[in-house]
Amino acid sequence: MSGKGKGGGGNVLNKVLLFVSDGVSCTVPQWYLVNQQAYKVSLAGSLFFTGVLVGNVLFGPLSDRIGRKPVFLTGMFFELLFAYSSALAPSYELFALSRLLMGMMNGGMALVCFILSQEYVGKSYWALTGRTLTNMTFAVGIALFALLGYIRQWRNLATAVNCPGVLLFLFCM
């Protein structure tokens, strides 16, 4: 098959650029993450979850020493900072670094938030707050994220997704 037309073979870059020409923007063509660089797409996701692991390990003892609320608020501030940094990253390397640091804050905050929710309620409500409420808010967040799918530029989407976090941070202050 030749690289001509919408359904034609062609190389991967032509297919990616064709996809972007439909009005959708993503990181793959912006930083030429094709062929030998294609592994970087998965690497960014792996770095995020590596950060989640590190954050879970570090934030528990830190919140025991300093206090849960200061650690939660500091983590939330830095998560928002790194999230907006990833949205504005001029290069893949800065994008990947901000994803790693954002994952670290995200994992640590999830742990501290879970513990805080258990400490604010009595033992008889632990099942409700620990499992039901936490999972329900996660599901509602995913559903709301689907509504943002109409935002076609990835940087605008990354910025819009983090706006509720700013409101939550201000509310928690």
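Residues numbered from 1 in each chain as written. Predicted model: local features only at pLDDT ≥ 70, side-chain atom pairs only at ≥ 80, totals over all residues. Heavy atoms only, no water.

Per an unreviewed UniProt entry, the protein carries the name Major facilitator superfamily (MFS) profile domain-containing protein and comes from Electrophorus electricus. Check the Subcellular location (unreviewed entry) section of the UniProt entry for the protein; it says "Membrane". (UniProt positions renumbered as here; feature names shortened; annotations may be inferred.)

A.B. asks: I'd like a description of a nonpolar patch on the surface, backed by residues and values.
C.D. replies: On the surface, Leu-133, Met-136, Val-140, Leu-144 and Leu-147 cluster together into a nonpolar patch covering about 480 Å² of accessible area. By the element assignment, Leu-144 lies in helix H6 (residues 126-147). (Patch = residues over 30% accessible without salt bridge, like charges linked within 9 Å, V, L, I, M, F, W, Y side chains within 5 Å. Areas by Shrake-Rupley, 256 points an atom, 1.4 Å probe, with all protein chains shown as cover. Salt bridge = Lys/Arg side-chain N within 4 Å of Asp/Glu carboxyl O. Helix = DSSP H or I, 4+ residues; strand = E, 2+ residues; numbered from the N terminus.)

A.B. asks: Break down the UniProt feature "transmembrane region" (unreviewed entry) in the protein for me, citing the residues and quoting the values.
C.D. replies: In this numbering, the UniProt entry assigns the feature "transmembrane region" (unreviewed entry) to residues 38-59, 71-89, 95-116 and 128-148. Secondary structure across residues 71-89 divides into 95% helix and 0% strand, with the first and last C-alpha atoms of the span separated by 26 Å. Across residues 128-148 one finds 95% helix and 0% strand; the C-alpha atoms that close the span lie 29 Å apart.

A.B. asks: Describe the packing of aromatic side chains, with residues and values.
C.D. replies: A full pass over the atoms with the stated rule returns 5 aromatic pairs. Residues Phe-77 and Phe-169 carry aromatic rings whose centres are separated by 6.1 Å and whose planes lie at 45 degrees to one another, so their mutual orientation is tilted. Residue Phe-77 is found in helix H4 (residues 68-88), and its partner Phe-169 is found in helix H7 (residues 154-172); the two are separated by 92 residues along the sequence. By relative accessible area, Phe-77 is classed as partly exposed at 41%. With 6.5 Å between their ring centres and 45 degrees between their planes, Tyr-92 and Phe-95 make a pair best called tilted. Of this pair, Tyr-92 and Phe-95 both sit in helix H5 (residues 92-120), 3 residues apart, which is roughly one turn of that helix. Judged by relative accessible area, which is 6%, Tyr-92 ranks as buried. One aromatic cluster is present, formed by Phe-77, Phe-78, Phe-82 and Phe-169 through successive ring pairs. (Phe/Tyr/Trp six-rings, centres within 6.5 Å; stacked < 30°, edge-to-face > 60°. Buried < 20%, exposed > 50% of the residue type's maximum accessible area, 1.4 Å probe, protein only.)

A.B. asks: Could you give an account of the pattern of salt bridges, naming the residues involved and the relevant values?
C.D. replies: Evaluated as defined, the whole model comprises 2 salt bridges. Between Asp-64 and Arg-68 there is a salt bridge, with its nearest N and O atoms 2.9 Å apart. Among the residues examined, Arg-68 registers a relative accessible area of 18% and is labelled buried. Across the pair Glu-119 and Arg-68 runs a salt bridge whose closest N-O atoms are separated by 2.9 Å. Highlighted residues: Glu-119 in helix H5 and Arg-68 in helix H4, separated in sequence by 51 residues. Sharing partners across several salt bridges, the network here consists of Asp-64, Arg-68 and Glu-119.

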